[in-house]
Amino acid sequence: PAAIKSKINKLISLRDNRVRVFGWVHHVRDQRGIIFIDLRDGTGFLQCVLSGDVAKTYEALTLTIETSVELVGTLQVVPEGKSAPGGHELSVDYWRVIGAAPGGEDAFTNRFNEKSDPSILADLRHLVIRGEKASSVLRLRAMLLSAFRASYARNNILEVNTPCIVQTQVEGGATLFGLNYYGQNAYLTQSSQLYLETCLPALGDVYTVQESFRAENSHTRRHLAEYTHMEAELAFITFDELMTHIENIICETVDTLMQDPVSAALIQELNPGFKAPSRPFKRMSYVDAIAWLSEHKIQHEAEDAEGNVIKDEAGNPRMVDHVLGDDIAEAAERQMTDIIGLPIFLHSFPAELKAFYMKKIPDQDSGAGLLLTESCDLLMPGVGEIVGGSMRIADYEELFEAYKREKMDPSPYFWFTDQRKYGTCEHGGYGLGVERFLAWLANRYTIRECSLYPRWPGRATP
Ligand code: 4AD
Ligand code: MG
C-alpha cells in the first residue's frame, strides 16, 4: 500500500499507518541481526527497526552514522515495558541510502566529541549543530523569537526592518566596524535604536530583530562581535512605564514558551530547574547598587587614567572598592545576581557612563553630585546584563548640548535630530541581547552556544 510522507514530529496521528520518513542516522546498533536506527530529521527522533531481509543487505550491515536515508514501514506503538521517542517505532519494510557518510578514520564520531578542544568545536560548528544539545538550543531560539514576536503583536507594537549599513554611531565610536562604502565611510550598525525613534511618528510603537555589530576586543563568555539585537521604542511613556513594559514582554514571552509543550520540553531538557521569574522585578538605583557592592565587599580592578588595569608586583590586578562614579563591570554584575538570585533592574546611571542620547532625571536630588539619567539595565542570574534601555532626550536644544558634550558632529544625525524638531514626544526604548537571553533561559555557560555561527575576535568562520 501507498505510504504517507511525514516529518517525525507529525507522526503521532499516523500510528498503524504505512509511512515514509526521510532523515539522518543519528545512532545505529545491531542486536543479533535486528538493526535499530535512531533517525533524526530536525523535527525529532524516531526509532526504526530493520529485521529479516531488509537487515541483511550490504548497505544495512555497513550503515554509518550521519548517512541520509529514506525509510518506509508501519508505525507501531512500542510494546509495554519498552521505550522509544514518541512512544512508537517504525517497522521498516523498504529503505534506501540517499547519501552515505564515511566510516573508518573519517567517520563522524572521529571528528570531535564533547571533550574536544574549544577551537576544534568552533571550526566544526557546522557538524556540532547536528548534536542533540546544540540543535535543542537552536530550536528553542527559534521558538523564543516567535514567542517574542507574538508578545509584540499582542501589545500592538509593529515590526520594522532597519539598515545594517549606517553612517552614525549609537554606543560610542570605539566599537564601530568601519567599511568602505562606495568610497565613503560607513559602519556596521551597533544598534537600530536611532532608526526606531524616527519610526514613532510614522508607525507608532515599533520593534526590530536585527544583527548588531560590536568591534569589542572582549573574549568573555557573553560578548560576540555580531549578535541578534531585539530592540523596541515606545512613544508617550514614562520611565516607570518603560521598565514595566520590559518586564511584561519578558514574562509574557516566557509564559508562552512554558505553555507550549514543545518549548516547555526543550527548556526542561536544557535547564531542568527553570522557574519563570515573577513580577515586579527587583529595582535598584545605581547609587544604591554602589552602596550594596561595597557592603558586600565586591571589589573591582583598579585602573589608571588611561583605563589600564593596575597590577601589583606579583602581576595580580589591584582590587578596590566601588565608589560613586564607577562603572559596574561584568564580574561585579555576576556576583550581584549570584547573591540576589533574581532578575534585577539597575537604573538611573550617571550620564558619563552612558550613551549621548539618554534623558537626564529631572529631579537630581538623589544624585549625590552625579548627573543621573533615566536609564536601566536588566540583569539576569548567571548572565548579568541582558537588556539596556533608557528614556531618550526629547528636547531639540538639549540634544545639541549632548552632541557638544560628547564632541559629536551633529550633521550625520540630521534625520535623528528632526524627530525632535517635528512634534517631539517623551519616548524610550531598549535593546535585548537574544543570545544572552537564551543563555539565561537555557542555562548555557557561554552565549557562543546560543548563536548559530558565533563571531568573536578573530573568528568569522564557518
Ligand atoms: O546596552 P547596549 O549597548 O544598548 C544599546 O545598544 C541600546 N542602543 C539599545 C536600545 O536602547 N535600543 O546593548 C543592548 C543589549 C545588552 O544589554 C546586551 O544584552 C546586548 O545588547 N549586547 C551584546 N550581546 C552580545 N555581545 C555583545 N558584544 C553585546 N553588546 C550588547
Ligand atoms: Mg548596556
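Residues numbered from 1 in each chain as written. Chains lettered and ligands numbered in written order. Predicted model: local features only at pLDDT ≥ 70, side-chain atom pairs only at ≥ 80, totals over all residues. Heavy atoms only, no water.

### Digging into the overall build of the chain
When helices and strands are tallied, the chain shows 13 helices and 19 strands. Overall, the chain is about 85 × 60 × 50 Å in size when its C-alpha atoms are taken along their principal axes. Residue burial in the chain is summarised as follows: out of 462 residues, 49% are buried. Counted over contacts in the chain with a minimum sequence separation of 6, partners at least 24 positions apart contribute 66%. Roughly 22700 Å² of accessible area belongs to the chain as shown, and the carbon and sulfur atoms make up 51% of that amount. Charged side chains of the chain number 46 positive and 63 negative; the gap between the two group centres comes to 7 Å. (Helix = DSSP H or I, 4+ residues; strand = E, 2+ residues; numbered from the N terminus. Buried < 20%, exposed > 50% of the residue type's maximum accessible area, 1.4 Å probe, protein only. Contact = heavy atoms within 4.5 Å. Areas by Shrake-Rupley, 256 points an atom, 1.4 Å probe, with all protein chains shown as cover. Lys, Arg positive; Asp, Glu negative; His and termini not counted. Charge placed at Lys NZ, Arg CZ, Asp CG, Glu CD.)

### Digging into a nonpolar patch on the surface
A cluster of nonpolar residues, I165, Y181 and Y182, forms a patch on the protein surface that exposes about 370 Å² of accessible area. Structurally, I165 is set in strand 8 (residues 165-166). Its relative accessible area of 42% is what places I165 among the partly exposed residues. (Patch = residues over 30% accessible without salt bridge, like charges linked within 9 Å, V, L, I, M, F, W, Y side chains within 5 Å. Salt bridge = Lys/Arg side-chain N within 4 Å of Asp/Glu carboxyl O.)

### A closer look at the site of ligand 1
Among the 24 residues in the neighbourhood of ligand 1, the closest are listed as E171, Q193, E231, E385 and I386. Within the side chain of E385, an N or O atom sits 2.6 Å from an oxygen atom of ligand 1. R392 is positioned such that a nitrogen or oxygen atom in its side chain is 2.9 Å from an oxygen atom of ligand 1. In isolation ligand 1 exposes 620 Å². Once the protein is present, 94% of that is buried. At the level of secondary structure, the elements contributing two or more residues to the shell around ligand 1 comprise strand 12 (226-235), strand 18 (384-391) and strand 19 (427-433). Taken together, the residues that form the shell around ligand 1 break down as 8 nonpolar, 8 polar and 8 charged. (Near = heavy atom within 4 Å. Polar contact = N/O pair within 3.5 Å; in protein donor to acceptor, adjacent residues only side chain to side chain. Nonpolar A, V, L, I, M, F, W, Y, C, P; charged D, E, K, R; others polar.)

### Remarks on the packing of aromatic side chains
In this description, a pair of aromatic rings is defined by centroid distance and the angle of the planes. The full count for this structure, using the stated rule, is 17 aromatic pairs. Judged by centre distance (4.1 Å) and plane angle (15°), the ring pair of Y152 and Y207 falls under stacked. One end of the pair, Y152, is in helix 5 (residues 132-154); the other, Y207, is in strand 11 (residues 206-213), and 55 residues separate them in sequence. Residue Y152 is classed as buried on the basis of its relative accessible area, which comes to 0%. Ring geometry for F356 and Y413: centres 5.9 Å apart, planes at 70°, overall edge-to-face. (Phe/Tyr/Trp six-rings, centres within 6.5 Å; stacked < 30°, edge-to-face > 60°.)

### Re the pattern of salt bridges
Counting across every chain of the model gives 22 salt bridges. Between E197 and R392 there is a salt bridge, and its shortest N-O distance comes to 3.8 Å. Residue E197 is found in helix 6 (residues 193-203), and its partner R392 is found in the loop between strand 18 and helix 11 (396-405); the two are separated by 195 residues along the sequence. The same class applies to E197 as to R392, namely buried. A cluster of three or more residues bridged by salt bridges with shared partners is formed by E197, E233, R392 and R420.

### Digging into the packing of helix 5 against helix 7 (residues 239-259)
Running from N to C, helix 5 and helix 7 point in directions that differ by 125°, and their axes come no closer than 9 Å. By the angle class used here, helix 5 and helix 7 are oblique. Two packed elements cross with a definite hand, and for helix 5 against helix 7 that hand is right-handed. Contacts between helix 5 and helix 7 involve M143, L144, A147, F148, S151, Y152 and R154 from the former and H245, I249, E252, T253, T256 and L257 from the latter. Classifying every residue of the contact of helix 5 with helix 7 gives 7 nonpolar, 4 polar and 2 charged. (Axes fitted to C-alpha atoms, helices over the stretch in contact; angles between N-to-C directions. Parallel < 35°, antiparallel > 145°, perpendicular 65-115°, else oblique. Left-handed = near helix turned anticlockwise from the far one by under 90°.)

### Examining the nonpolar core
As a rule of thumb, soluble globular proteins bury nonpolar side chains together. Counting residues in each nonpolar core, the largest one holds 50 residues, and the members touching the most others are I246, I250, L378, F437 and L441. No other element matches the 9 residues that helix 7 contributes to this core. Ignoring anything within four residues of it in the chain, the contact list for F437 reads L144, F148, I250, V254, I386 and L432. Of all hydrophobic cores here, the second largest spans 22 residues; its members include L50, L63, L75 and W95. (Core = buried A, V, L, I, M, F, W, Y, C linked by side-chain atoms within 4.5 Å.)

### Considering the domain arrangement of the chain
Domain assignment breaks the chain into domain 1 (4-108) and domain 2 (127-450). A separation of 45 Å is found between the C-alpha centroids of domain 1 and domain 2. Across the contact, 9 residues belong to domain 1 and 4 residues belong to domain 2. Summing both sides of the interface, domain 1 and domain 2 together bury roughly 510 Å²; the carbon and sulfur share of this comes to 49%. Salt-bridge contacts for E66 lead to R130; the nearest nitrogen and oxygen are separated by 2.8 Å. For the pair domain 1 and domain 2, the number of links is 3 residue pairs in polar contact (both at pLDDT 80 or more). Considering only residue class, the side of domain 1 that touches domain 2 consists of 3 nonpolar, 4 polar and 2 charged. (Domains from an automatic or database assignment. Buried area = accessible area lost by both parts, 1.4 Å probe.)

### Thoughts on the pairing of strand 4 (residues 45-50)
Among the 6 residues that make up strand 4, 5 are buried, leaving the element largely enclosed by the rest of the structure. Counting the residues that bridge the hairpin from strand 3 (residues 34-40) to strand 4 gives 4 residues, and of these G42 lies at a positive phi of roughly 90°. As paired strands, strand 4 and strand 6 (residues 88-99) are joined by 3 bridges and run parallel to one another. Counted as the bridge partner of C48 is L90 from strand 6. (Pairing = 2+ DSSP bridges.)

### Re unusual backbone geometry
Between R279 and the following residue, P280, the backbone shows a cis peptide bond with an omega angle of -10°. Take P280: it is sitting in the loop between helix 8 (261-270) and strand 13 (282-285). Here T461 and P462 are connected by a cis peptide whose omega angle stands at -10°. Within the fold, P462 resides in the segment after helix 13 (434-441).

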